[in-house]
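Fold and contact review
Residue-level listing of the chains:
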Amino acid sequence: MIKRCIQQFVLSVLCLSGHISGAQITEKTASWKGFDKVTFTFENREAWYVKPVKAIPGNPWVWRAHFPTWHTEMDSILLSRGFHIAYVNSNDMFGHPKAMQVWDSFYDYLVKEKQFAPKVALEGVSRGGLYVYGWAKRNPDKVSCIYAEAPVYDPKSWPGGKGKGPGSEKDWALWLKLFGKSEEEALKFTDIPLNDLAGLAAFKVPIVHVIGLQDKLVPPVENSDSLIKIYQKLGGPVAVYPMTRGEQKLDGHHFPIEHPEFFANFIEQNSVPVAKPLSHDPYIEVNTGLGNAFEKFKTSKKGTVAFLGGSITHNPGWRNKTSQYLQERFPDTEFTFIAAGIPSLGSTPHAFRFSRDVLKKGIPDLLFVESAVNDRGNGFSEEAQVRALEGIVRQMHTANPKADVVLMAFAEPLKNDDYKKGKEPTEVAVHQRVAKYYGAAYINLAKEVYDRIEAGEFSWQYDFKDLHPSAYGQEVYFQTIKELLKKDFDAAKPAAQFPLPLDKFSYEKGSYHSIEEAKSLKGFALDPGWKPATKLSTREGFVNVPMLVGETANASLELPFKGRGIGIAIISGPDAGIISYSIDGKKPKTLDLFTRWSTQLHLPWYLMLDDELSSGKHTLKLTISAEKNKESTGTACRIVHFLVAE
């Protein structure tokens, strides 16, 4: 009985910690240059850290990549000043994504279990440059500074030997095998330190390179020089110091370090006092988690992930990084990624286009949804937001009852203003409410951004910059999403009974209906490939497509439909008009199609005319009014889709 209780207690501790491997770690302590060196096995790899006699408050640390016993003068200096030095053996992996997964776990172990500082100084010697930059560009918020010595930044240079250096035939063969690339594919390989540095530069991570001018093995012109030029152009702080005194060995690749205390000062100045950024965890609500999706990825080795949202999803940034991370976390899984972001669109458009833009391209196992920014800007009511968001979740469940959903509320100045007043933005509250009700994961990035700004971590004006985030803002978003994806979820469980709708008029059966279903056309005509006569911008999917066009007063049409809701998806440009409409012969209502953005672009605009009808057959009659908005240049009504909630 006692033994069973002990086993249950240990299991509880392991489950709560989320670090089963960490809880099983056995440490051994030995002396290293007068300091305690703690060695242990981490994920079947050699690992260690060296402890200072007296640690600086916050436990700043240096993480060495490859060749950890080479040029340890700086390590000794920093240990004497109160730093920890750490290392995990991921040698001969050349910065491969599998090595980056090991580094993620090692970081979490030292920071969460050993209370090391949240930001680490990275040291990369020679091929160690592949590791420190591979990890730093994936985690720019976790790096205090980078020191690199004779670093490799392009595997084509070393070990490939495709430039001025001789390379290493043996190591190149290992690289090709590890990365699964042919010689031709390797020349086009882009996941190298020289690429994707915008986030690191945006975080202003300071970099120092120490090089040998006569280095023929890892020529600086193909490595350090290239990275410095790129990083500086991106606005990143960087300096380079050539080492010219003392004997230059191994074709100039090995050289003595002049004034190691200078470089120790660089690390100390950028690591102390220890910065303690806010945790991501308070902004993440796991709810029922992502266990179903993760189980599918692991067992079937196939997975479909969809990203449904507006311009913040359409634009490159967090979406690309999330896709890359999932592929790296599940390296044996064949993924299909569906990018279904369309600028300007919020939850109502998402609900009606979900079938066409997502489900027809693949049935997701994991769905990311964002609409809070456009729901605010486009003026959708709280009621409409609930109907739309739960409509999306319910459509997803109908297509795949085991799919997992992540609802995200992104940041914008208006939400910052609300938080400043102590008010929770309506759009954020709706996302949270729907997520909790259906067990979907939820991330409140709007509140996180506001709190980090208030804590002085960054500014909106100079760092985040816009509701369409800068490289800095994209990293803020991705790092929190990554924290959710890093969690170890329980294996998939049988789905519980799906709840009744929050709102009986939810758009769970919302879809596009063809404009060809319109009848009794008077003054309307079908344009098979509409494009604007003006030079104003358009949105992809809403130009060079069929459109029902009426441009004159009194033009009319009728639409027979079956359902509880009816709406129109239109293009609102500078000549947008006013319409009059009635359903089933009831009293007509008017609606102005002109928006505050109509003079700037041909805007996709979704309008529900009625979404509380009785189930059954109905008829919509729509007429263009002779009146027009005083800012409009015409009376146009251009319909792309009819929106029917059955």
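The structure we're discussing is the one just above.
Let us look at the structure shown here. Bear in mind that the values here come from a model prediction, so they are computed numbers and not experimental data. (Residues numbered from 1 in each chain as written. Predicted model: local features only at pLDDT ≥ 70, side-chain atom pairs only at ≥ 80, totals over all residues. Heavy atoms only, no water.)

Concerning the pattern of salt bridges
To be explicit about the condition: Between Lys or Arg on one side and Asp or Glu on the other, a salt bridge is scored when a side-chain nitrogen of the former is within 4 Å of a carboxyl oxygen of the latter. Strands here mean DSSP runs of E at least two residues long; helices mean DSSP runs of H or I at least four residues long; both are numbered from the N terminus. Each residue is placed in one exposure class: buried if its accessible area under a 1.4 Å probe, protein chains only, is under 20% of its type's maximum, exposed if it is over 50%, and partly exposed if it falls in between.
Evaluation of the coordinates by the stated rule reveals 36 salt bridges. Here R387 and D503 are joined by a salt bridge, their closest N and O atoms 2.9 Å apart. Within this pair, whereas R387 is found in helix 16 (residues 382-399), its partner D503 is found in the loop between helix 21 (471-486) and strand 16 (510-513), the two being separated by 116 residues in sequence. No difference in accessibility class separates R387 from D503, as the two residues are buried. Across the pair K486 and E483 runs a salt bridge, and its minimum N-O distance is 3.1 Å. One end of the pair is K486 and the other is E483, both in helix 21 and three residues apart, which spans about a single turn.

What about the pairing of strand 21 (residues 565-572)?
Here is the rule: At least two bridges found by DSSP between two strands is the condition for calling them paired.
Most of strand 21 is tucked away, with eight of its eight residues classed as buried. In strand 21, alternate side chains face the same way, and those of G565, G567, A569 and I571 on one face and I566, I568, I570 and S572 on the other are all buried. Sheet topology places strand 21 next to strand 24 (residues 603-610); seven bridges connect them, and they run antiparallel. Bridging across to strand 24, A569 finds its partner in Y606.

Here's the deal with the nonpolar core
For the record, the criterion: Residues enter a nonpolar core if they are buried and are Ala, Val, Leu, Ile, Met, Phe, Trp, Tyr or Cys, with the set joined through side-chain atoms within 4.5 Å. Contacts are assigned to residue pairs that have any heavy atoms within 4.5 Å of one another.
The biggest cluster of nonpolar side chains holds 95 residues, and the ones touching the most others in it are W61, W63, L122, I146, W318 and F368. Per-element accounting of this core gives the leading share, nine residues, to helix 4 (residues 97-113). With residues up to four places along the chain from it excluded, the contact list for I146 reads L122, V132, Y133, A136, L200, V205, P206, I207, V208 and F266. Core analysis: the next-biggest nonpolar cluster, separate from the first, contains 47 residues, V386, L407, A440 and Y507 among them.

Digging into the packing of aromatic side chains
Rule in force here: The pairing test for Phe, Tyr and Trp rings, Trp by its six-membered ring, is centres within 6.5 Å, and the orientation test on the planes gives stacked under 30 degrees, edge-to-face over 60, and tilted for anything in between. Both a distance and an angle decide whether a charge sits over a ring: NZ of Lys or CZ of Arg must be within 6 Å of the ring centre and within 35 degrees of the ring normal.
A complete count under the given rule lists 50 aromatic pairs for this structure. For the ring pair F542 and Y606, a centre distance of 6.5 Å and an interplane angle of 75° mean the geometry is edge-to-face. Of this pair, F542 sits in the loop between strand 18 (524-530) and strand 19 (545-550) while Y606 sits in strand 24, and the two are 64 residues apart along the sequence. Each member of the pair, F542 as well as Y606, carries the same accessibility label: buried. The side chain of K37 reaches across the aromatic face of W48, ending 4.5 Å from its centre. Looking at K447, its charged tip hangs above the ring of Y419, at a distance of 5.6 Å from the centre.

What to know about the environment of S632
Definition in use: Definition of a polar contact: a pair of N or O atoms within 3.5 Å, with one able to donate and the other able to accept a hydrogen when the atoms are protein atoms, and with sequence-neighbouring residues admitted only if both atoms are side-chain atoms.
On the secondary structure map, S632 appears in the loop between strand 25 (617-624) and strand 26 (637-645). When near neighbours in sequence (up to four residues on either side) are disregarded, S632 contacts P574, D575, A576 and F594. Here A576 takes part through its backbone oxygen, which lies 2.7 Å from a polar atom of the side chain of S632.

A closer look at unusual backbone geometry
Of the consecutive residues W158 and P159, the connecting peptide bond is found in the cis state with omega at 10°. Its place among the elements puts P159 in the loop between strand 7 (143-149) and helix 6 (169-179). Between V272 and the following residue, P273, the backbone shows a cis peptide bond with an omega angle of 0°. Among the secondary structure elements, P273 is positioned in the loop between helix 10 (260-271) and strand 10 (284-285).

Considering the side chain of R64
Here R64 is to be found in strand 4 (residues 61-65). A polar contact of 3.4 Å, which involves the side chain of R64, links it to the backbone oxygen of P68.

Describing the sheet that holds strand 15 (residues 441-444)
Pairing within the open sheet is mixed, and its six strands lie in the order 10-15-14-13-11-12. Two strands bound the open sheet, and with one partner strand each, they are strand 10 and strand 12 (334-341). Of the pairings in the sheet, the one linking strand 13 (residues 366-370) to strand 14 (residues 404-409) comprises five bridges and is parallel in character. From the neighbouring strand, F368 faces strand 14, where its bridge partner is V406.

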